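Descriptive structure summary
Given next are the chains, with one letter for each unit.
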Amino acid sequence: LTHIGAKFMFVAGMFVSGCVTILFGMLDKVPSGPMFIGLCFLIRAMDAVGFAAAMTASFSILAKAFPSNIATVLGSLEIFTGLGLVLGPPLGGFLYQSFGFEVPFITLGCVVLVLVPVNMCILPKYDSIPSKDSFWKLILLPKVLLLCSTIFSLSACLGFLDPTMSLFILKKFKLPAGYVGLVFLGLALSYSLSSPLLGLLSDKLPYLRKWLLVSGSLMTALCFFMLGPAPVLHIESQLWMFVLVLVLVGFSLGMSAIPVFPEILHCAYENGFEEGLSLLGLVSGLFSAMWSLGAFTGPTLGGFLNEKLGFEWASAIQGGWALLSGLATGIFYITEATRRSSSSSLQNPPGNNEERTHLMGSET
């Protein structure tokens, strides 16, 4: 990112993603069998590279443009993430039902390509100097490792719902297929509407960020335990309770996901990393990598557990990841606060002020 520039990486990533999306829409003309499957993997992999470039650069550009309000800006933009999650499935389904397989992908790809020249004109160009700080130096910091586990667990929990939740809703509540998307609205809307407020709170009261992270992870774990609910609770699953838990999941995900980026950045500054676009690129890349790793692991492992144990147990086990990361991060923060308070008390013994007062009194 520092060598080719954040703006170029963002625009190039969008261009690649748009072109690949259009190509994906033409796959129905490929003969069935190994060739079709192979091209699907190849095109999806190319799309992932373009997406990673655009996302990594976008986080860096935002953090560079708004250094004092990173969480607020990220939280505000999550409104549009939620909007995409809400509008994508119904619009894509309507286009697919009306015009076939090609049109949804070609339409979306063209929209992305139209935005390429717009961003070329609007985005500023940031110059940067390559830093001597390395990716491994950043990721091996204990606090950063714990924050990476938080990103991974949240992404895995969110990804777990993709292949499993719609099947559970259809089987358990006997809803028509058209209503399944409405159930997803609970999660998407609560996440997108709460993210700006959580981002503002994180920036205005930075000392609360760590506790938002911990509380969000523990709340996510509890919600996934109640999503089934877990068989050990002996609670019958009902639709209203399922939707309510999804709303809480969206809010808890925002509590943990929004403060993570500025918290990693603050940790890097504390450990002597040079401020600039180079560090922002490292943090952005790390965030995207951990999120994508969770987005792969969650559906893969979740689908396997759902098939073997059922949705109730699979959901509870998935929530265990968030529970472990929340407990580990909470213990680390408590230990860190205890260590700092004890070191400050050693540097400034309480008797010093009293002795200084007595000496001043005797001199007068």
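Residues numbered from 1 in each chain as written. Predicted model: local features only at pLDDT ≥ 70, side-chain atom pairs only at ≥ 80, totals over all residues. Heavy atoms only, no water.

**Observations regarding the pattern of salt bridges**
Should the charged atoms of two oppositely charged side chains come close, the side chains can pair. A full pass over the atoms with the stated rule returns 4 salt bridges. Close ionic contact of Lys143 with Glu270 constitutes a salt bridge, the shortest N to O distance being 3.6 Å. One end of the pair, Lys143, is in helix 6 (residues 142-173); the other, Glu270, is in helix 9 (residues 239-270), and 127 residues separate them in sequence. Glu270 sits in the partly exposed class, given a relative accessible area of 38%. (Salt bridge = Lys/Arg side-chain N within 4 Å of Asp/Glu carboxyl O. Helix = DSSP H or I, 4+ residues; strand = E, 2+ residues; numbered from the N terminus. Buried < 20%, exposed > 50% of the residue type's maximum accessible area, 1.4 Å probe, protein only.)

**Examining the layout of surface pockets**
Size it by volume and the second largest pocket reaches roughly 240 Å³. Forming the boundary of the second largest pocket are 15 residues, of which Pro67, Ser68, Ile70, Leu265 and Tyr269 lie nearest the centre. Secondary-structure elements contributing two or more residues to the lining of the second largest pocket are helix 2 (34-65) and helix 9. Examining the composition of the lining of the second largest pocket, we find that 4 residues originate from one element, helix 9, more than from any other. In terms of domain composition, the lining of the second largest pocket takes at least three residues from each of domain 1 (1-69 + 83-121) and domain 2 (133-345). (1 Å grid on protein atoms, 1.4 Å probe; cavity = no way out; pocket = protein on both sides within 12 Å on 5 of 7 lines; lining within 4 Å. Points joined across faces, edges and corners; volume = space filled by probe spheres on them. Domains from an automatic or database assignment.)

**Quick notes on the side chain of Ser190**
If you trace the backbone, Ser190 turns up in helix 7 (residues 177-204). Among the polar contacts made by the side chain of Ser190, one reaches the main-chain carbonyl oxygen of Leu187 at a distance of 3.1 Å. Apart from the residues lying within four places of it in its own chain, the contact partners of Ser190 are Leu246, Val247, Gly250 and Phe251. (Polar contact = N/O pair within 3.5 Å; in protein donor to acceptor, adjacent residues only side chain to side chain. Contact = heavy atoms within 4.5 Å.)

**Some thoughts on the packing of helix 6 against helix 10 (residues 277-309)**
Axis separation between helix 6 and helix 10 bottoms out at 6 Å; the angle between their running directions is 45°. By the criterion of interaxial angle, the relationship of helix 6 to helix 10 is oblique. At the point where helix 6 passes helix 10, the crossing takes the right-handed sense. Looking at side-chain class alone, the contact of helix 6 with helix 10 contains 16 nonpolar, 9 polar and no charged residues. (Axes fitted to C-alpha atoms, helices over the stretch in contact; angles between N-to-C directions. Parallel < 35°, antiparallel > 145°, perpendicular 65-115°, else oblique. Left-handed = near helix turned anticlockwise from the far one by under 90°. Nonpolar A, V, L, I, M, F, W, Y, C, P; charged D, E, K, R; others polar.)

**What about the packing of aromatic side chains?**
Applying the stated rule across the entire model yields 17 aromatic pairs. Between Phe160 and Phe224, the aromatic rings sit 6.2 Å apart at their centres with planes inclined by 55°, giving tilted as the arrangement. With Phe160 in helix 6 and Phe224 in helix 8 (residues 209-227), this residue pair connects regions lying 64 residues apart in the sequence. This pair shows no difference in class: Phe160 is buried, exactly as Phe224 is. (Phe/Tyr/Trp six-rings, centres within 6.5 Å; stacked < 30°, edge-to-face > 60°.)

**Structural notes on a nonpolar patch on the surface**
A cluster of nonpolar side chains, namely Leu77, Ile79, Phe80, Leu83, Leu87 and Leu91, defines an oily patch on the protein surface of about 550 Å² accessible area. Structurally, Leu77 is set in helix 3 (residues 70-99). (Patch = residues over 30% accessible without salt bridge, like charges linked within 9 Å, V, L, I, M, F, W, Y side chains within 5 Å. Areas by Shrake-Rupley, 256 points an atom, 1.4 Å probe, with all protein chains shown as cover.)

**Side note on the environment of Phe80**
As for its position among the elements, Phe80 is in helix 3. Exposure remark for Phe80: the relative accessible area of 57% places this residue in the exposed category. Expressed as a C-alpha distance, the spacing of Phe80 and Cys157, which sit 77 residues apart in the sequence, is 21 Å.

**A look at unusual backbone geometry**
Each neighbour pair has its own omega, and for Gly228 with Pro229 the value is -10°, a cis peptide bond. Positive phi values are uncommon outside glycine, yet His234 reaches one of about 55°. Note on placement: His234 falls in the loop between helix 8 and helix 9. Residue classification places His234 among the exposed positions, given a relative accessible area of 74%.

**Concerning the nonpolar core**
In this structure, Phe10, Leu138, Val144 and Phe261 are the most contacted members of the largest nonpolar core, which totals 43 residues. Ranked by residue count, the leading element in this core is helix 10, at 8 residues. Mapped onto the domain boundaries, this core takes at least three residues apiece from domain 1 (1-69 + 83-121) and domain 2 (133-345). Residues contacting Phe10, with those up to four places away along its chain left out, are Ala53, Ala54, Ala57, Ser58, Ile61, Asn119 and Leu123. (Core = buried A, V, L, I, M, F, W, Y, C linked by side-chain atoms within 4.5 Å.)

**Some details on the domain arrangement of the protein**
Along its sequence, the protein is organised into domain 1 (1-69 + 83-121) and domain 2 (133-345). Using only C-alpha atoms to locate each centre, domain 1 and domain 2 end up separated by 25 Å. Taken together, the 13 residues of domain 1 in the interface contact 14 residues of domain 2. Both faces considered, domain 1 and domain 2 share a buried interface measuring about 1,100 Å² in area, 76% of it formed by carbon and sulfur atoms. Three residues, Thr56, Phe59 and Val86, lead the burial of domain 1 against domain 2; their summed loss comes to 36% of the area buried on that side. At the surface where domain 1 touches domain 2, the tally comes to 0 salt bridges. Joining domain 1 to domain 2, the criterion identifies 3 residue pairs in polar contact (both at pLDDT 80 or more). Put simply, the parts of the chain that give the side of domain 1 that touches domain 2 at least two residues each are helix 2 and helix 3. The element contributing the most residues to the side of domain 1 that touches domain 2 is helix 2, with 6 residues. Class assignment of the residues belonging to the side of domain 1 that touches domain 2 gives a composition of 7 nonpolar, 5 polar and 1 charged. (Buried area = accessible area lost by both parts, 1.4 Å probe.)

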